[in-house]
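# A look at the structure
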Amino acid sequence: MLKGVPNLPGFPWPDGKRAAVTWSFDVDAESPVLHDEPASATRLATMSHQMFGPLVGVPRFLDLLERHGQRATFFVPGFVAERYPDMLRAVIDGGHEVGHHGYLHEPLRGMTIAEEAAILDRGLDALQRVGDVRPRGFRAPLGELSFQTPALLADRGFQYDSSLMDEDRPYLLDVGDGSSRTLVELPFHWSTDDWEQYAWMPGYDDGRPIETTRKVHELWWTDIEAHIRYGGLFNLVNHPFVSGRAARVVAMEEMLERLLSDERIWFTTLGEIANFAASLPLPPRHHQPYTVN
């Protein structure tokens, strides 16, 4: 038991670690804007805001991670892989994990099984064709996983998903089709997403303040310390067009140095965490679709 936390055993992280911390990057680039508002294709200023991610943000993070000998997980929509093939290859050549993030950042809601399957397959095809990579992990755009998505992921050989928020430690997700197949679920939360802190775009985030790095990193470090107490997973979701800005990268490097100096923390990729969680005798969790009369 963790001191001061009755009846809440810590997650059995390897080598006596008390918490896991992972950096994941959603390399959305122009895809969410083009999906939500196709007419934005004519708005060069708006598109340039999104281009910053693959053109500047990703190279900065690749450099930061290389200098500290660390790896991370990059979720890349198929459209982005096709538009920025050199960026995708740089991520792969740097030894980083590539995850699936849709084709054009499509939220998986209100779709038929066939429509979801087509998006998954189109994204897989683009990543395979451009980067010769077959992802093991998936994150739904906007975290919009449907009840039918897990079985579709299992059909395609995915090992884990990182879209849900009903836990802050890894668990096994029953895919829900009666097959007893499972995925490792690696949850996140909006409070550990840089978009909620830093992003501002006309028409998207009007009225939201752009926070300082000091405020944001105080928020995140408070969360990390709490995960150390509860034995949890701090799954930081970064968007390179958001956190790739200069001051934020400097703050991220300071965070990384602090993480690596703390012996209580396991800093690694989502894929490595999924491998470890899959080796444990965790009970599967099944999410039952709702019936509302």
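Heads up: these notes are all about the structure in this document.

Rules behind the numbers
- Residues numbered from 1 in each chain as written.
- Predicted model: local features only at pLDDT ≥ 70, side-chain atom pairs only at ≥ 80, totals over all residues.
- Heavy atoms only, no water.
- Helix = DSSP H or I, 4+ residues; strand = E, 2+ residues; numbered from the N terminus.
- Rg over C-alpha atoms; globule rule 2.2 N^0.38 Å.
- Buried < 20%, exposed > 50% of the residue type's maximum accessible area, 1.4 Å probe, protein only.
- Contact = heavy atoms within 4.5 Å.
- Areas by Shrake-Rupley, 256 points an atom, 1.4 Å probe, with all protein chains shown as cover.
- Lys, Arg positive; Asp, Glu negative; His and termini not counted.
- Charge placed at Lys NZ, Arg CZ, Asp CG, Glu CD.
- Pairing = 2+ DSSP bridges.
- Phe/Tyr/Trp six-rings, centres within 6.5 Å; stacked < 30°, edge-to-face > 60°.

Another aspect to go through is the overall build of the chain. The helix and strand inventory of the chain stands at 11 helices and 10 strands. Relative to the 2.2 N^0.38 estimate, which gives 19 Å for 293 residues, the radius of gyration of the chain is 19 Å and therefore close to what a compact globule would have. When its C-alpha atoms are laid out on the principal axes, the chain stretches across 55 × 45 × 40 Å. Per-residue burial over the chain gives 55% buried out of 293 residues. Within the chain, contacts between residues at least 6 apart in sequence are counted, and of these 73% link residues at least 24 apart. For the chain, the exposed area adds up to about 13,100 Å²; of that, 53% sits on carbon and sulfur atoms. Within the chain, the 42 negative side-chain charges are centred at a point lying 3 Å from the centre of the 27 positive side-chain charges.

Sheet topology places strand S5 (residues 160-161) next to strand S7 (residues 182-185); two bridges connect them, and they run parallel. In the sheet register, Asp 161 faces S7, and the bridge partner there is Glu 185. Across four bridges, strand S6 (residues 171-174) lies against S7 in antiparallel orientation. Looking at the pairing, Asp 174 lines up with Thr 182 of S7.

All chains considered together, the criterion is met by 13 aromatic pairs. Ring geometry for Phe 25 versus Phe 74: centroids 4.7 Å apart, planes at 15°, classification stacked. Within this pair, whereas Phe 25 is found in strand S1 (residues 19-26), its partner Phe 74 is found in strand S2 (residues 73-76), the two being separated by 49 residues in sequence. When its relative accessible area of 0% is taken as the criterion, Phe 25 is described as buried.

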